[in-house]
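Given next are the chains, with one letter for each unit.
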Amino acid sequence: MKLLESVEQPTPNGSIPSDALLATYNLVVRYGAAVALDGVSMYVGKGEMVALIGPNGAGKSTLLNTLSGINRPAAGKIICNGKLAHVPEGRQLFPELTVEDNLRLGAYRGGSRDPSPMYELFPQLHRLRHRRAGGLSGGEQQMVAIGRALMAHPDIVAVDELSQGLAPIVVSDIANHLVSLNKQNGTAVLLVEQNAQLALDITSRAYVLENGRISKEGRSADLARDPAVHKAYLGGQVSR
Amino acid sequence: MTAFVEYLMTGIARGLVFALLAMGFVFIYRVTRVVNFAQGAFAVFGGFITYSLLRAGVPQGVSELLAILAAALIGLIFGIITIAGDLPLLASLIITIGLSILSEAILMLIWGTTPITYSGLTGHDFVILGAFIQRQYLIVVLASLALFALVALAFGRTYFGKAMTACASNPYAAKLSGINVKRMGLVAFMLGGALGGAAGVLITPLSPMTYDADVSLAITGFAAAIVGGLTSPGLAVIGGLVFGLAEQFVAGYWSPSNETAVALALLIILLLWQARRMRLEGLE
Amino acid sequence: MTERMRSVVVGTTVVIIGLITLAIPLVLSSSNLEIYVDIGLFTIVVSGLSLLMGFAGQVSLGQAAFYGIGAYTAAIMAVHKWPSLVALIAAPIVTAAIAFLIGIPLLRLKGHALAFGTLAVQLILLAIIPETPSFTGGSIGLSAIPPLRIGPLAISSGKDYAYLVWIVAVAVLIITRNLTRSRPGRGLRAMATTPSGASATGVQVESYKLRDFALSAAYAGIAGGIYVFFIGYISPDAFPVMLSIEFVIMVVVGGIGTISGAFVGAAVITIISQILTSLGTSPSLPPQLPTVLSLGVYAVILIAILRLIPSGIVGALSELWKKTQRTPSAVSSRSSEERQEVASAVDGAGRTDSVLTGELQSRDATMVKETSTGQQ
Ligand SMILES: Nc1ncnc2c1ncn2[C@@H]1O[C@H](COP(=O)(O)OP(=O)(O)O)[C@@H](O)[C@H]1O
Ligand SMILES: [Mg+2]
């Protein structure tokens, strides 16, 4: 019964533009009997930077995995008018392969396998290119993970928990790279974060996902001022 | 001394053949997590197919190559039967048990129960330190070393080889990069088939092949693979040599009838050692 | 409510089937009685193996070895003038103790090393027996095993053994059922059937697996003990590797982890094997035909069941039953669905190549009305 309601309910902030790069309509994803996504409608426009914030277990990673085809939706629709690349939670590198091999495998679907554009984006990777990826620091690994995704020449890159386990200074460095990538190449970014401050700072629009539903959406600056969001995600600790 | 050299040579040659089987286990396990019980069957098919091709007048080298290709094809078919679709691992493992007895039935139907053999590439036997060594032993050593080098090159140097390593290393990330992990699993089965087939082609001239040799070949190959925790091809080669040498020295200096029991006891010890290692490293 | 009712129904069915099995020996011919005893013995072995496979997610390819260890324990003790009942009771205890010792390290290995480890145990046993003639009778075996006496009762006729076997079998089935219905049993099952969730509860899981492994060996041991008194002699030929594989096939055919599946699998495979033997042994046919036929048929049955009805005969029937019972509002057959979903999330490689490439511009994600309305 509850689900039916959510399916019929229009998304809080109006409709999804027809020229959206990536959009989901009333997406439902289940793990067995457990509902992880319960009618999620969201979109990312061309060249846009969008944040997806929410507590642990809200379904953020599930959404990304569904966009990438790892999970199969039980209901709903996904439209993707471009190439999406996914930087998974926890980096998920190939630890025994070198940095360069990790990057090159990002181009597995086709296109140039030359990793040098990634060395331009992240100059410190050039020096590490023959090192095993498993031996790098967390920040370096995150750069490799982003670089590997970018090797697919995506129109939109979805980054899951960019800041996880990284020192704040490293996070802001990598975040700056994402912003400049977005400015220079027009690559759209969907940034999944528990660190809402960072995510709302660098994006223009944002969604709040709670218990598998979008509970709030709007301009990032507005959400950052929203008392409820402020209390739950910016004030103190992140609630469970 | 003469006997020692003879055991050593024989042990190395047979050990390398076990290593080929072991590497088949390793590649299939790494990509699919399936312990392929039918691994020994590839070798039996390899031996019997070579035998029939030779009798049909096909030249030696060609027969052996064709037999290896046929084994690769059988590997592919076994792979499809084992992993296509969404089967739980347990089901896949049991299916490979079924494939092992299916192979025995097919082999017995086509070739009967009489053991077969054929002579390897012709040429003179030679003498090392007074020991008489069949030329085939040298061929086995060279051929398997060449195969190991080929496999190492394919994995270490080619993009496809690295994609396969990626599947073994992190299947989820491999999928995100667009690698079809299932298809890579089938390639691994083909590779396992080819390596197993090569093992059979090489060992049949040394010791006659029977339709039901697959279980003992599989268990020796598995034992060798366990040395590298089922995931390290390099350690699997060492494992193969350990078993080849142990078998020859036990048979030679003690009694041939203890050969199997010692090999199996060694396997159990290895399993225990690996279990302990895993516990120590918290890998459980 | 339905849960309890179902368990009452199942319980009653088990009792009724038990009574029928006890009545059957009265009407069987002596050769059929032998088959009947075999089915009972195999039911005992298979219910242990099914427990191990279904609830611990492990395969033992040495179950025939445990059967053999039980048989040899009973035979050697009886030959050495121990009371036959003591010998029979010692059979499962010795077997379980050996399995326990093997299981401590083997069950800790990842993947399915237990399958090869137990197979190795069996091959070692088969290699050792011919080398120890003074103790085990070597490859010739032991004969003149004294008959079984339980107190004043001499168990001698086929009918006596049929009763003995089936009383033990029913007892074993009840023990297994109680074990699997306990909370840890269910937890273990969840663990066995999801590929990744294994080591979550670590030590506890390990000890349940070990318990199931030792228990499965004990079942095989008592069956072996009864077998040796029934046949009256013993040799290593009675415990080939193929027998271990047959046990696995019986589990799969009946339904992995189902209690009644143990009986169904044992019965179906024993009867098929009888038919194949009688089919293949006509003098005009080539001598290896029976073997080819039985290996081939076993292999095809095993693979076909796992591919087509992975829950086995009993599992498939009970799913069918549930489907007919299902009301429109109660859609999900949860446990199995859940399992598959989890498996595909972790393991489903086939569906990855769409979105990222952008080749598939619009992925219509199956707007199944029924599924979305069914969930409350
Ligand atoms: N593979 C899985 N199997 C079963 N449940 C899962 C799986 N992955 C995630 N979940 C559950 O789905 C919910 C959403 O998880 P997730 O998408 O990882 O949340 P987030 O990324 O927002 O922290 C959680 O309750 C989690 O326990
Ligand atoms: Mg997450």
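Our subject is the structure listed above.
Procedures and definitions
As a convention, each chain's residues are numbered from 1 in the sequence order in which they are written. Naming scheme: in the order in which they are written, chains are lettered from A and ligands are numbered from 1. Under the rules for a predicted model, residues below a pLDDT of 70 receive no local features and side-chain atom pairs below 80 are neither given nor counted, while totals for whole chains, interfaces and linings still include all residues. In computing side-chain properties, one takes all heavy atoms of the structure into account and sets aside hydrogens as well as water. Counting from the N terminus, the helices are DSSP H or I runs at least four residues long and the strands are E runs at least two residues long. Radius of gyration: over C-alpha atoms. The globule rule applied is 2.2 Å multiplied by the number of residues raised to the 0.38 power. Residue burial is assigned from relative accessible area. The probe radius is 1.4 Å, only protein chains are included, and a residue is buried under 20% of its type maximum, exposed over 50%, and partly exposed in between. By the convention used here, residues are in contact when the closest approach between their heavy atoms is within 4.5 Å. Accessible areas in this description were obtained via Shrake-Rupley with a 1.4 Å probe; residue shielding takes into account the shown protein chains only. Atoms of type N, O and S within 2.8 Å of a metal are treated as its donors, and for Na, K and Ca the window is 3.2 Å; water is not considered, so some sites may appear to be missing partners. By convention in this text, a residue qualifies as near a molecule or strand provided that one of its non-hydrogen atoms is within 4 Å of it. The term polar contact refers here to a pair of N or O atoms within 3.5 Å; inside protein, the definition further demands a hydrogen-donor-capable atom paired with an acceptor-capable atom, and it admits residues adjacent in sequence only when both atoms are side-chain atoms. Under the grouping applied here, Gly and all other residues not named as nonpolar or charged are polar, the nonpolar ones being Ala, Val, Leu, Ile, Met, Phe, Trp, Tyr, Cys and Pro and the charged ones Asp, Glu, Lys and Arg. Patch definition: residues with relative accessible area over 30% and no salt bridge; like charges joined within 9 Å; nonpolar side chains (Val, Leu, Ile, Met, Phe, Trp, Tyr) joined within 5 Å. The rule for a salt bridge is simple: a side-chain nitrogen of Lys or Arg has to be within 4 Å of a carboxyl oxygen of Asp or Glu. Cavities and pockets were defined on a 1 Å grid built over protein atoms only: a cavity is a set of grid points that admits a 1.4 Å probe from which the probe cannot escape, a pocket is an open set flanked by protein on both sides within 12 Å along at least five of seven lines, and lining residues are those with an atom within 4 Å of any such point. Grid points are joined across faces, edges and corners, and a volume is the space filled by probe spheres set on the points. Here the quantity called buried area is the accessible surface, traced with a 1.4 Å probe, that two parts lose on coming together, added over both. The criterion is simple. A nonpolar core is a set of buried Ala, Val, Leu, Ile, Met, Phe, Trp, Tyr and Cys residues joined through side-chain atoms within 4.5 Å.

A. Structural context of the overall build of chain B. If you tally the helices and strands in chain B, you get 11 helices and two strands. Counting from the amino terminus, helix and strand elements in chain B follow one another as α-α-α-α-β-β-α-α-α-α-α-α-α. Relative to the compact-globule value of 19 Å for 284 residues, chain B shows a C-alpha radius of gyration of 19 Å, a close match. Along the three orthogonal principal directions, the C-alpha set of chain B runs to about 60 × 50 × 35 Å. Evaluated residue by residue, chain B yields a buried proportion of 60% over its 284 residues. Long-range contacts, defined as pairs at least 24 residues apart, comprise 76% of the intrachain contacts of chain B with a sequence gap of at least 6. Surface summary for chain B: the accessible area is close to 10,400 Å², and the carbon and sulfur share equals 70%.

B. Representation of the coordination of the magnesium ion (ligand 2). Distances from the magnesium ion (ligand 2) to its protein donors, Ser61 of chain A (OG) and Glu89 of chain A (OE), fall at 2.0 to 2.2 Å. In this pair, Ser61 of chain A is assigned in helix α2 (residues 60-67) and Glu89 of chain A in the loop between β5 (84-87) and α3 (99-105), connecting sequence segments 28 residues apart.

C. Quick look at the site of ligand 1. Residue and element names in this part refer to chain A. Ligand 1 sits among Tyr31, Ala36, Pro55, Asn56, Gly57, Ala58, Gly59, Lys60, Ser61 and Thr62. One of the side-chain N or O atoms of Asn56 is found 3.1 Å from an oxygen atom in ligand 1. The separation between an oxygen atom of ligand 1 and a polar main-chain atom of Gly57 is 2.7 Å. Summarising the interface, the protein chains cover 62% of the accessible area of ligand 1, which totals 560 Å² for the free molecule. Sort the elements by how many residues they give to the shell around ligand 1 and α2 lands first, with three residues. Among the residues making up the shell around ligand 1, the classes are represented as four nonpolar, five polar and one charged.

D. Up close: a nonpolar patch on the surface. A grouping of Phe4, Leu8 and Tyr253 of chain B is seen on the molecular surface, where their side chains present a nonpolar patch of about 290 Å² in accessible area. A residue is classified by how much of its surface remains accessible, and Phe4 of chain B, at 36% relative accessible area, is partly exposed.

E. Seen up close, empty space enclosed by the protein. In this structure the tally under the stated criterion is four cavities of 30 Å³ or more. For the largest cavity, the calculated volume is near 110 Å³. For the largest cavity, the lining is made up of 13 residues, of which His86, Arg148 and Ala149 of chain A together with Leu176 and Ser177 of chain B are closest to its centre. Of all the secondary structure elements, the ones that give two or more residues to the lining of the largest cavity are β5 and α6 (138-150) of chain A together with α7 (171-176) of chain B.

F. Spotlight on the interface of chain A and chain B. Contacts between chain A and chain B engage 19 residues on the former and 17 residues on the latter. Taken together, the two surfaces of chain A and chain B that pack against each other cover about 1,700 Å², and 62% of this comes from carbon and sulfur. When the buried area of chain A at its contact with chain B is split by residue, Phe94, Leu105 and Tyr108 of chain A rank highest and sum to 34% of it. Linking chain A with chain B are one salt bridge. Between Asp101 of chain A and Lys162 of chain B there is a salt bridge; the shortest N-O distance is 3.2 Å. At the junction of chain A with chain B, the criterion picks out seven residue pairs in polar contact (both at pLDDT 80 or more). Ranked by residues supplied to the side of chain A that touches chain B, first place goes to α3 of chain A with three residues. Class assignment of the residues belonging to the side of chain A that touches chain B gives a composition of nine nonpolar, four polar and six charged.

G. Expanded view of the interface of chain B and chain C. At the junction of the two partners, chain B supplies 54 residues and chain C supplies 52 residues. Taken together, the two surfaces of chain B and chain C that pack against each other cover about 4,500 Å², and 76% of this comes from carbon and sulfur. Three residues stand out in chain B for area buried against chain C, namely Ile94, Ile101 and Lys175 of chain B, and they jointly supply 14% of the buried area on that side. Every element with two or more residues in the side of chain B that touches chain C is listed here: α1 (2-32), α3 (60-83), α4 (89-111), α7, α8 (181-203), α9 (214-227) and α11 (259-280) of chain B. Ranked by the residues each element gives to the side of chain B that touches chain C, the list is headed by α4 of chain B, at 15 residues. The residue makeup of the side of chain B that touches chain C, split by class, is 38 nonpolar, nine polar and seven charged.

H. Geometry of the nonpolar core. By size, the foremost hydrophobic cluster in this structure holds 241 residues, and its most contacted members are Ile94 and Phe222 of chain B together with Met53, Tyr67, Phe229 and Phe247 of chain C. Every residue in contact with Tyr67 of chain C, bar those within four places of it in the chain, is listed here: Leu41, Phe42, Val45, Ala220, Ala223, Gly224, Tyr227, Phe239, Leu243 and Phe247 of chain C. Judged by nonpolar contacts, the second largest core, of 29 residues, contains Ala23, Tyr43, Val50 and Leu52 of chain A.

I. Region of the structure containing the layout of surface pockets. Approximately 870 Å³ is the volume found for the second largest pocket. Counting residues per element, the ones that place at least two in the lining of the second largest pocket are α1, α4, α9, α10 (233-253) and α11 of chain B together with α10 (241-254), α11 (259-280) and α12 (289-308) of chain C. Of the residues belonging to the lining of the second largest pocket, the class tally is 22 nonpolar, eight polar and six charged.

Any functional reading would require information that these geometric values do not contain.
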